[in-house]
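Residues per chain are reported as follows:
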Amino acid sequence: MKCVPFAVVVGLTALAGSASAAPSRGVFGHWLTDDGAGIVEVKRCGASLCGTLVRVLDPKAPAHDINNPDASLRGRPLVGVPIIYGMHPDGDGWKGGRAYDPKAGRSYRASLAVGEKGRLDVTGCILFLCQTKHWTRVAEENGR
């Protein structure tokens, strides 16, 4: 009988360990932005994490990064623009990086974590005001 509680403790410990590791690995992949306007691929870039716009879904979106504050970057295509960069692991999520909003042409201090229902919680902050957007994982296409 004493083996049963020990087995339960071991099982719960293993489950807790895998749950805490899952969010860090779980951020990688393709994500539909909260407004449905684009798909961002989140992956490792060296020692940090980055996310690149890989598809624009909004037919009204400009083809180029026209709102960028750097005039020399306004002619670059939106597809391929870095949306998330400089993130480093921090507990169950990723912090210390920036998120770029091509609609506003602004970048924000940002963090990422896997939230409820497997969503990606992308939090951007200006000073002490923060807002979280919830991105949805999209199915990988043709081995992508």
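In the block above lies the structure referred to throughout.
Quick look at the structure, then. (Residues numbered from 1 in each chain as written. Predicted model: local features only at pLDDT ≥ 70, side-chain atom pairs only at ≥ 80, totals over all residues. Heavy atoms only, no water.)

**Quick look at the sheet that holds strand β6 (residues 106-114)**
The strand order around the closed barrel formed by 8 strands is β1-β2-β3-β4-β5-β6-β7-β8, and the pairing between neighbours is antiparallel. Neighbour-to-neighbour, the strand axes of this sheet turn through a mean angle of 35°, independent of strand direction. Relative to strand β4 (residues 82-90), strand β3 (residues 48-56) runs antiparallel, the two sharing 3 bridges. Note that in β4 the partner of L49 across the bridge is M87. (Pairing = 2+ DSSP bridges. Helix = DSSP H or I, 4+ residues; strand = E, 2+ residues; numbered from the N terminus. Axes fitted to C-alpha atoms, helices over the stretch in contact; angles between N-to-C directions.)

**Considerations on the pairing of strand β7 (residues 120-126)**
Across the 7 residues that make up β7, a large majority, 5, are buried. Note that β6 and β7 share 6 bridges and pair antiparallel. By the bridge assignment for β7, V114 is matched with L120. Between β6 and β7, which pair antiparallel one after the other, the connecting turn spans 5 residues, and K117 there sits at a positive phi close to 60°. Where β7 meets strand β8 (residues 129-137), 7 bridges bridge the pair, whose relative direction is antiparallel. (Buried < 20%, exposed > 50% of the residue type's maximum accessible area, 1.4 Å probe, protein only.)

**Thoughts on the nonpolar core**
The nonpolar side chains of a soluble globular protein tend to be buried, and buried together. Counting residues in hydrophobic clusters, the biggest one holds 19 residues, and the most contacted among them are V42, L49, I83, I84, L112, L120 and W135. Of all elements in the fold, only β2 (38-45), β3, β4, β5 (93-101), β6 and β7 reach the threshold of two or more residues within this core. Beyond its immediate sequence surroundings of up to four residues, V42 is in contact with V27, F28, G29, W31, L49, C50, G51, I84 and L120. (Core = buried A, V, L, I, M, F, W, Y, C linked by side-chain atoms within 4.5 Å. Contact = heavy atoms within 4.5 Å.)

**Things to note about the pairing of strand β1 (residues 29-32)**
The pairing of β1 with β2 spans 4 bridges and is classified as antiparallel. Looking at β2, one finds that L32 is bridged to I39. The antiparallel pairing of β1 with β2 creates a hairpin that spans 5 residues between the two strands, and G36 there sits at a positive phi of about 75°. In terms of strand pairing, β1 meets β8 through 2 bridges, oriented antiparallel. Bridge pairing links W31 to R137 in β8.

**Focus on the packing of aromatic side chains**
Across all of its chains, the model carries 1 aromatic pair by this definition. Taking 5.8 Å as the distance between ring centres and 75° as the angle between the ring planes, the aromatic pair formed by F28 and W94 counts as edge-to-face. Taken as a pair, F28 in the loop between α1 (3-26) and β1 and W94 in strand β5 lie far apart in primary sequence, 66 residues in all. A relative accessible area of 1% places W94 in the buried class. (Phe/Tyr/Trp six-rings, centres within 6.5 Å; stacked < 30°, edge-to-face > 60°.)

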